[in-house]
Amino acid sequence: MVTTLTDEKRMAIAEKLADMKAIQNLSIANEEQFLRESRDGDISDRFRKMLEDDRKNLGILETVMVQYGIQSEPRQTVSEMVNKVQGLMRGSELSFYEKVAQHELLKHGQVMSGLLVHKAGQLVGADVEAAIAPLNTVNFENRAHQEQLKGILEVLGTRELIGRDPDQGVWGRVQDAVAALSGVFGSAVTQTSDKSDMNIQDVLRLDHNKANTLMTEILNSNDPKKIQEYFGQLYMDLNVHAEAEEQVVYPTVRSFYDDTQELYDEQARMKVLLNELKAMSPSASNFKDTIRQLMDIVGDHIRQEESTMFAAIRNNCSSDESEQLATRFKEAKRQLQSQMAV
């Protein structure tokens, strides 16, 4: 019998992602504050672009957390630090230069957190790597922001010390540093600026790929503890995915997609098998045979959704409607994941 559904390593990564979200919100609040305080047009433009990036990256981070599949709260120490920094940013104890210097330290910490999550994900499982892949974009842009902030600090610091601007080469050096980072991080793929979210087809396809990855990992492993870890994640992911579809997606498509009931029926059979597997020992002789049965049911379900249902959505929903459906689906998943974590 599978005794636990959430592995400690996976829970630790979920907590780190929650920490990152708290810091991301703090970064947005800081940059909004800097725009109110800045009296320099060039520096304001740079903060405005950072703010635009950070608002977009908050959405990417939230998508990663839902795809990862385990919800958590930030650590108490992080929440306390956020409250303390917010007080300092609003107050008059620090100069503008000192506030921006604190912000640059936050960006450095955020970059390190993102890189650590990636390193940990590589060791925990292929499904984790797939779920957190969009963090590449967030990491790249936070690192690029660090270079921008160093240039801003050079200008602000020189003005505070001697009342004059530094030499004009500061922004050229910043641009060279950002260009060099592109080679280190590679091409970063993110949501385009004219989209409010991914469309529902993209989000569902990510879920499908992750489920297939988990089932493949189970079948390829001979370690009962690792199989239990993978199955715990698979159990939560498939149940949450099915429930969110039944709450949000299927009621929406039913008016223009005739085979919706078949999708409900397939998911009902899938849930029965998941509960049978939950009652088995991962080392039981028929455990992997039952996983193969589950894989067949899930495979048929995925093929139907990604062919006929996706086509029906493309033909009957505008881009905005498909993106809004994705947003609602992800929110339903987030709530269900939080309930399962209780």
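Along each chain, the written sequence defines residue order, and numbers are assigned to residues from 1. Only residues with pLDDT of at least 70 are given local features in this predicted model, and only at 80 or more are side-chain atom pairs given and counted; all residues enter the totals for whole chains, interfaces and linings. Excluded from the side-chain calculation are hydrogens and water; included are all heavy atoms of the structure.

- An unreviewed UniProt entry lists the chain under the name Hemerythrin domain-containing protein, with Pannus brasiliensis CCIBt3594 given as the organism.

## Quick word on the overall build of the chain
Here's step 1: A run of H or I in DSSP becomes a helix once it reaches four residues, and a run of E becomes a strand once it reaches two; helices and strands are each numbered from the N terminus. Scanning the chain from N- to C-terminus turns up twelve helices and zero strands.
Here's step 2: Overall, the chain shows an N-to-C arrangement of helices and strands of α-α-α-α-α-α-α-α-α-α-α-α.
Here's step 3: Dimensions along the principal axes, computed over C-alpha positions, put the chain at roughly 75 × 45 × 35 Å.
Here's step 4: Out of the 342 residues belonging to the chain, those deemed buried represent 50%.
Here's step 5: Between two residues, a contact is recorded if the distance between any of their heavy atoms is within 4.5 Å. Partitioning the contacts of the chain with sequence separation of at least 6, the portion at a separation of at least 24 is 80%.
Here's step 6: Here the Shrake-Rupley method, with its probe set to 1.4 Å, supplies the accessible areas, and only the displayed protein chains count as covering residues. Looking at the chain as shown, the accessible area adds up to about 16100 Å², and 50% of this sits on carbon and sulfur atoms. Any residue under 20% of the maximum accessible area for its type is buried, any over 50% is exposed, and the rest in between are partly exposed; the area is computed with a 1.4 Å probe on protein chains only.

## Focus: the environment of threonine 158
Here's step 1: Along the chain, threonine 158 falls in helix H6 (residues 135-162).
Here's step 2: Along the chain, threonine 158 and tyrosine 97 lie 61 residues apart, while their C-alpha atoms are 9.6 Å from each other.
Here's step 3: Among residues more than four places away in sequence, those in contact with threonine 158 are Leu153, Gly163, Arg164, Asp165 and Pro166.

## Section: the packing of helix H9 (residues 224-253) against helix H10 (residues 260-279)
Here's step 1: As a rule, the C-alpha atoms of each element are fitted with a line to give its axis, helices using only the stretch in contact, and angles between N-to-C directions run from 0 to 180 degrees. One can describe the packing of H9 onto H10 by two numbers: an axis separation of 11 Å at closest approach and a directional angle of 160°. With respect to their mutual orientation, H9 and H10 come out roughly antiparallel. The handedness of the crossing between H9 and H10 comes out as left-handed. In this structure, H9 contributes Phe231, Tyr235, Leu238, Asn239, His241, Ala242, Glu243, Glu245, Glu246, Tyr250, Pro251 and Val253 to the contact, and H10 contributes Thr260, Leu263, Tyr264, Gln267, Met270, Lys271, Leu274, Asn275, Leu277 and Lys278.
Here's step 2: Only Asp, Glu, Lys and Arg are considered charged in this grouping, and only Ala, Val, Leu, Ile, Met, Phe, Trp, Tyr, Cys and Pro are considered nonpolar; every other residue, Gly among them, is considered polar. By residue class, the composition of the contact of H9 with H10 is twelve nonpolar, five polar and five charged. Here is the rule for angles: anything less than 35 degrees is roughly parallel, anything more than 145 is roughly antiparallel, 65 through 115 is roughly perpendicular, and the remaining ranges are oblique. In this scheme the handedness of a crossing depends on how the near helix is turned from the far one: anticlockwise by less than a right angle means left-handed, clockwise means right-handed.

## So, the packing of aromatic side chains
Here's step 1: Two aromatic rings, drawn from Phe, Tyr or Trp (for Trp, its six-membered ring), form a pair once their centres lie within 6.5 Å of each other, and the interplanar angle then sorts them: stacked below 30 degrees, edge-to-face above 60, tilted otherwise. Under the counting rule described, the total for this entry stands at six aromatic pairs.
Here's step 2: Plain terms: the ring middles of tyrosine 250 and tyrosine 264 are 5.1 Å apart, the flat faces sit at 70° to each other, and that makes the pair edge-to-face. Of this pair, tyrosine 250 sits in helix H9 while tyrosine 264 sits in helix H10, and the two are 14 residues apart along the sequence. There is no split in this pair, since tyrosine 250 and tyrosine 264 are both buried.
Here's step 3: Three or more aromatic residues joined by ring pairs make a cluster, and in this case those are Phe34, Phe47 and Phe96.

## Considerations on the side chain of glutamine 24
Here's step 1: Relative to the helices and strands, glutamine 24 resides in helix H1 (residues 8-37).
Here's step 2: Those residues in contact with glutamine 24, other than ones at most four positions away along the chain, are Asp54, Asn57, Leu58, Leu61, Gln110 and Asn142.

## Concerning the packing of helix H8 (residues 200-220) against H9
Between two packed helices, both the angle of their axes relative to each other and the distance between the axes serve to describe the pair.
Here's step 1: The N-to-C vectors of H8 and H9 enclose an angle of 155°; their axes lie 9 Å apart at closest approach. Compared by their axis directions, H8 and H9 come out roughly antiparallel. For the crossing formed where H8 meets H9, the hand is left-handed. In this structure, H8 contributes Ile200, Leu204, Asp207, His208, Lys210, Ala211, Leu214, Met215, Glu217 and Ile218 to the contact, and H9 contributes Ile227, Tyr230, Phe231, Gln233, Leu234, Asp237, Leu238, His241, Glu245 and Val249.
Here's step 2: Here the residues of the contact of H8 with H9 are counted per class, giving twelve nonpolar, three polar and five charged.

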